[in-house]
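Tertiary structure, described
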Amino acid sequence: MDPTVLPRLRALLRPDQLDLSDSALDLRARGESSDRQRRPDVVVYPESTEDVRAVLELAHATRTPVTPVAVNSSLEGHTVPLEEGISLDVTRMDRILEVAGEDFLAVVQPGVTYPRLNEHLRATGLFFPVDPGAEASLGGMASTNASGTMAVRYGVTRDLVLGLELVTPTGRVVRTGGRAPKSSSGYALTQLLCGAEGTLGVITELTVRLVPRPEATMGARVAFADVHGCVAYVTELIQSGAPVARCELLDAPAIGAIDRHLGLDLPVVPTVFLEFHGDADAVRRAADVALELARDHAAAAAEQATDPQALATLWTARHQAYYAFVAAHPGMANLITDLAVPVSRLAEVIDASVAAIKRLAVPGYAIGHVGDGNFHLTLFFPPDDPAARERVDAAYGELVALALAAGGTSTGEHGVGWRKLPYVRAEHGDAVDLMWAIKDALDPAGIMNPGKKLPPRAAPEG
Ligand SMILES: Cc1cc2nc3c(=O)[nH]c(=O)nc-3n(C[C@H](O)[C@H](O)[C@H](O)COP(=O)(O)OP(=O)(O)OC[C@H]3O[C@@H](n4cnc5c(N)ncnc54)[C@H](O)[C@@H]3O)c2cc1C
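Topic: the environment of Asp259
Here Asp259 is to be found in helix α10 (residues 252-262). Residue Asp259 is classed as partly exposed on the basis of its 16 C-beta neighbours within 10 Å. Counting along the chain gives 65 residues from Asp259 to Ala324, while the straight-line C-alpha distance between them is 8.5 Å. Not counting the four nearest positions on each side in its chain, Asp259 is found in contact with Leu264, Asp265, Leu266 and Val268.

Structure follows, in structure tokens:
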């Protein structure tokens, strides 16, 4: 880092807004599940838009890399400061600025987490419906375009962000979008920034859409002898148009690991967990349809669940799945696939994924937000075994190729970070050059989260 940067940061911010301690640098050196580590030179804690603006203006002038970070729960090494420089930790910008219930929206700073927003909204009858599990921040969720268990009904984060305040990489403060439920004005910059993974600037405020809490909620558990049976069932359920709010698949090893980790006794069989939202009659009808279809598909077990406490326990367990897998394999590295395909092609991709677990002979778990065609395989291997890593990477490359051929994507919700870079060009072709043109226009010095999101530029022809 340019030697003038630290003294100039000290002139801009209070001493407690800069951290050079080993513990702070180590904490920001790695992401959740990322095996690549690099310490930043300094961790900076902005407390206002003006703090962010001043830091980015300085970083642009001195060509200092800046990596935004919030809860640091992203899974593809998004927050590892690959070129060192500044880790810009936005967690102190955590104020809920406004709740406008009559307009179904809230205005928040980027460090507000979605569980805290929902706690704050409890008395209003409204909630923010994207739930990536880890207690993620709204700024981080917008930046990865996170989804989660309820996207099948309510959409992904990008669908629920109406407007943003952004500090651009050159240090300008701009507003995108607004408060209207819809708009056809200008380019859709809000949607572009949702999913930018901190490569196009720092989000300092978000206006997000809220939805009414459902009047009634009902769940169902449907088990099959194998994962294929689950997927065939889900495909028909979704294609029937049933108003599903959550539709999660867990294979038997995944349920076993969750049982052990949380002391539960869920039956250890491939299972689809469902939830329906609506008025009492609608959810009852939807649950009846789900059970009838389960009988048609010769399910091994099928039952409805109405007890709110039991449902809450179930979804907490689902959100703990990743931690349960990690706890079962201490010291091992892991790779998580995040393929998403049209629902009609889900069965072939999941069958290939399950076959990959067997072929690779490494511990693996299959879970997915299968209602929207999104599916995760978590594969474990020893971090010091390059041959095992190569086999896992190669198998993943094959699965990505299969998903792309089926009209799918290499990442349905986790984003690219640096770990999914090898698949971006295969998915987007020449559109990657357009993405670089946008990146260059907004960040001419290339300081924002370098080494993430976009693969290297195409070599010039000839
Ligand atoms: C157990 C577990 C379960 C998960 N389940 C899901 C799931 O179901 N669905 C899903 O989508 N994800 C899931 N994730 C991944 C993760 O929770 C999401 O990627 C989440 O959106 C990250 O939010 P964060 O606050 O942790 O952001 P961080 O990890 O801190 O940052 C994520 C990215 O956003 C950038 N960023 C952060 N804040 C800003 C800002 N203010 N301005 C600009 N850029 C910023 C960072 O540079 C980085 O590129 C899971 C993770 C875990 C650990």
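Notes on the site of the ligand
Of all residues adjacent to the ligand, which total 36 residues, the nearest are Ser74, Gly139, Gly140, Ser143 and Gly198. Looking at the shell around the ligand, the elements that each hand over two or more residues are β3 (66-69), α5 (138-144), β10 (202-209) and α13 (321-328). By residue number, the principal contributor to the shell around the ligand is α5, which donates five residues. Partitioned by chemical class, the residues of the shell around the ligand number 16 nonpolar, 17 polar and three charged. Two domains each provide a minimum of three residues to the shell around the ligand, namely domain 1 (5-89) and domain 2 (96-212).

What to know about helix α14 (residues 346-360)
In this model, α14 (15 residues) spans 21 Å end to end at C-alpha, consistent with the 21 Å of a helix rising 1.5 Å per residue. When α14 is considered as a whole, its buried residues turn out to be Leu346, Val349, Ile350, Ser353, Ala356 and Ile357. One side of α14 holds all its buried residues, which, seen down the axis, span an arc of 110°. In α14, those exposed residues whose orientation departs by more than 90 degrees from the buried face are Ala355, Lys358 and Arg359. Just downstream of α14, Ala361 is the residue with a positive phi angle, here 55°.

Let's talk about the pairing of strand β13 (residues 244-250)
Along β13, seven of the seven residues are buried, which leaves the element largely enclosed by surrounding structure. Examined bridge by bridge, β13 and strand β14 (residues 271-278) share six bridges and lie antiparallel to one another. Of the residues in β14, the one forming a bridge with Val244 is Phe276. With two bridges joining them, β13 and strand β18 (residues 364-369) adopt antiparallel strand pairing. In the sheet register, Leu249 faces β18, and the bridge partner there is Gly368.

A closer look at the domain arrangement of the chain
Considered domain by domain, the chain is made up of domain 1 (5-89), domain 2 (96-212), domain 3 (216-306) and domain 4 (329-446). Summarising the inter-unit geometry, the C-alpha centres of domain 1 and domain 2 are found 22 Å apart. Taken together, the 14 residues of domain 1 in the interface contact 20 residues of domain 2. Looking at the side of domain 1 that touches domain 2, the elements that each hand over two or more residues are α3 (49-62) and β3. Tallying contributions element by element places α3 first for the side of domain 1 that touches domain 2, with six residues. Residue classes in the side of domain 1 that touches domain 2 are distributed as six nonpolar, six polar and two charged.

What counts and what doesn't
- Residues numbered from 1 in each chain as written.
- Predicted model: local features only at pLDDT ≥ 70, side-chain atom pairs only at ≥ 80, totals over all residues.
- Helix = DSSP H or I, 4+ residues; strand = E, 2+ residues; numbered from the N terminus.
- Buried ≥ 20, exposed ≤ 12 C-beta atoms within 10 Å, placed from the backbone.
- Contact = placed C-beta atoms within 7 Å.
- Near = placed C-beta within 6 Å.
- Nonpolar A, V, L, I, M, F, W, Y, C, P; charged D, E, K, R; others polar.
- Domains from an automatic or database assignment.
- Expected span 1.5 Å × (residues − 1).
- Arc of directions from axis to C-beta.
- Pairing = 2+ DSSP bridges.

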